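In case you want the letters, here they are:
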Amino acid sequence: MDFEFFMPAQLIFGRGKAKCIGSYVKSIANRALIVTGKSSAKKAGYLDLVTKSLEKEGIDWALFDEVEPNPLTTTIDRGISLARKSKAEVIIGLGGGSAMDSAKCIAFGVKKEDSIANYFGTQPAGEVLPIVLITTTAGTGSEANNYAVMTNPETHVKKSLSSPDMFAKISIIDPELMLTVPKKVTASTGIDVFFHSMESYLSKRCQPISRPLSLEAMRLVVENLKGAYEHGDNIEYRERMAWANTIAGIAINLAGNCGIHGLGHPLSAYYNIAHGETLAAVSLAFLRFSIPEASDKLATIAEIFGVETKGLSKDEAAEKAIEALETFMESLALPTKISVFGVKEEDIDKLAQNAYENSIGNFKASPREITLDDARKIYRDSL
């Protein structure tokens with residue numbers, strides 16, 4: 001059995017840890033660019049918390065607050081320009097996956113001469129500004145991996161960029177920053193955690209270190225996401241979801257995602273739908289397509305959902321897992337069909353071609369490899 005493990009990020013987990021961001025950054029640099037969204041971190045007071053801590057340590061900072069959901073390459077290019085102009089020595093990502101991924105891309109792009117749109121896929125090691133991440137959602141696991149996802153608005157391609165040097169130097173996971181996340185965002189980001197853990201478990205690249213992380217993350221989501229959704233101010237639920245998010249992020253760094261992410265990305269690129277919602281909408285059809293090669297693992301997932309599988313065949317247990325997931329997502333008001341996004345039958349060829357051309361790695365890593373015709377069928381079954 002062959003596998004590799006590389007995890008250089010320093011993870012700082014715990015309540016109140018974000019207040020110490022200045023002292024952590026001081027060990028790295030004296031000039032920072034803060035990368036965040038347009039409003040959420042400001043409204044919650046987290047931007048003030050960060051800037052005051054930086055100023056206390058004598059660290060100069062500039063602000064790039066233009067990051068949108070499903071961040072665009074054009075937005076990231078503007079952030080790169082500001083990083084150069086402000087002579088930033090460290091890039092701080094403050095927010096959910098979009099802010100953290102944008103921070104990684106900006107840190108990567110500062111030393112490059114062309115648009116970030118030219119850098120999709122896996123890049124070799126190279127000069128990247130130091131990265132510090134502060135996650136405010138239990139969603140993408142970006143704080144624990146070297147992936148960053150962005151969308152080219154001209155080509156409608158949504159793909160990841162990764163490099164060995166795109167791990168954060170320091171990542172702060174403070175559950176107290178997640179207490180104000182709205183219900184809809186809690187559900188969307190939380191189901192992303194579930195799919196990170198499930199896909200890394202189903203993936204052909206699943207390996208001995210990722211497997212127990214994937215299983216534990218799934219268990220934590222099943223047991224705590226509904227509580228975080230219904231009782232957002234409960235720190236215990238938020239803390240356990242934060243931990244699930246981080247270990248699922250490590251799991252996908254080791255084993256990757258598979259077809260659900262590959263099929264979900266074009267929906268975000270064309271319809272600008274929240275990432276987690278696109279995954280939910282294609283997941284059921286993908287899993288039913290995968291049963292012939294994934295029934296054993298899906299039976300295990302059924303047990304995580306509390307399904308009694310004794311006396312069931314593996315295929316029957318797998319179907320029970322899918323039914324349990326559907327019920328779980330419906331309880332979180334998540335979509336289970338892509339038609340709710342406005343997708344029509346005539347859009348399927350465009351979506352399938354986009355997914356196949358840009359997510360072939362995800363398709364090949366799926367328990368049952370997905371062809372172009374298979375992608376069409378899964379989209380059609382998801383309508």
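Coordinates for the structure precede this section.
Fair warning: this is a prediction, and the values are worked out from it, not measured in the lab. (Residues numbered from 1 in each chain as written. Predicted model: local features only at pLDDT ≥ 70, side-chain atom pairs only at ≥ 80, totals over all residues. Heavy atoms only, no water.)

With that settled, the discussion passes to the nonpolar core. Formed by 69 residues in total, the largest nonpolar core has its most connected members in Phe-194, Phe-195, Met-198, Leu-202, Ile-301 and Tyr-379. Within the residue set of this core, elements represented by two or more residues are α6 (183-202), α7 (210-230), α8 (235-255), α9 (259-271), α10 (275-304), α11 (314-331), α12 (348-358) and α14 (372-381). Apart from residues no more than four positions distant in its own chain, Leu-202 is found in contact with Cys-258, Leu-287, Ala-294, Lys-297, Leu-298, Ile-301 and Pro-367. The next biggest cluster of nonpolar side chains, apart from the first, holds 30 residues, and it includes Ile-80, Ala-88, Met-100 and Ala-103. (Core = buried A, V, L, I, M, F, W, Y, C linked by side-chain atoms within 4.5 Å. Buried < 20%, exposed > 50% of the residue type's maximum accessible area, 1.4 Å probe, protein only. Helix = DSSP H or I, 4+ residues; strand = E, 2+ residues; numbered from the N terminus. Contact = heavy atoms within 4.5 Å.)

Contact geometry for α7 and α10: axes closest at 10 Å, N-to-C directions at 35°. As α7 runs across α10, the sense of the crossing is right-handed. Contact with α7, carried on its side by Leu-215, Met-218, Arg-219 and Val-222, involves Thr-300, Ile-301 and Ile-304 of α10 and no other residues of that element. A breakdown of the residues in the contact of α7 with α10 according to their chemical character gives five nonpolar, one polar and one charged. (Axes fitted to C-alpha atoms, helices over the stretch in contact; angles between N-to-C directions. Left-handed = near helix turned anticlockwise from the far one by under 90°. Nonpolar A, V, L, I, M, F, W, Y, C, P; charged D, E, K, R; others polar.)

Inspection of every chain in the model, using the stated rule, returns one cavity of 30 Å³ or more. Forming the walls of the largest cavity are Thr-137, Ala-138, Met-178, Val-181, Thr-186, Thr-189, Gly-190, Leu-225, Ala-228, Arg-238 and Met-241. Residue assignment for the lining of the largest cavity shows that the elements contributing at least two residues are α6, α7 and α8. The residue inventory of the lining of the largest cavity, partitioned by class, reads six nonpolar, four polar and one charged. (1 Å grid on protein atoms, 1.4 Å probe; cavity = no way out; pocket = protein on both sides within 12 Å on 5 of 7 lines; lining within 4 Å. Points joined across faces, edges and corners; volume = space filled by probe spheres on them.)

On to the packing of helix α4 (residues 73-85) against helix α5 (residues 97-109). Contact pair α4 / α5: the axes reach a minimum separation of 9 Å and the direction vectors enclose 55°. Relative to α5, α4 is oriented oblique. Judged by the sense of rotation from one axis to the other, the crossing of α4 with α5 is right-handed. Every residue of α5 that contacts α4 at Ile-76, Gly-79, Ile-80, Ala-83 and Arg-84 is listed here: Ser-102, Cys-105, Ile-106 and Gly-109. Split by residue class, the contact of α4 with α5 holds five nonpolar, three polar and one charged. (Parallel < 35°, antiparallel > 145°, perpendicular 65-115°, else oblique.)

This next bit is on the pairing of strand β6 (residues 131-135). In terms of residue burial, β6 counts as a mostly covered element, since five of its five residues are buried. In this sheet, β6 lies alongside strand β4 (residues 90-95) in parallel orientation, the contact comprising five bridges. Bridge pairing links Ile-92 to Val-132 in β6. Pairing of β6 with strand β9 (residues 170-173) involves four bridges; the strand directions are parallel. Among the inter-strand pairings, Val-132 is bridged to a residue of β9, identified as Ile-170. (Pairing = 2+ DSSP bridges.)

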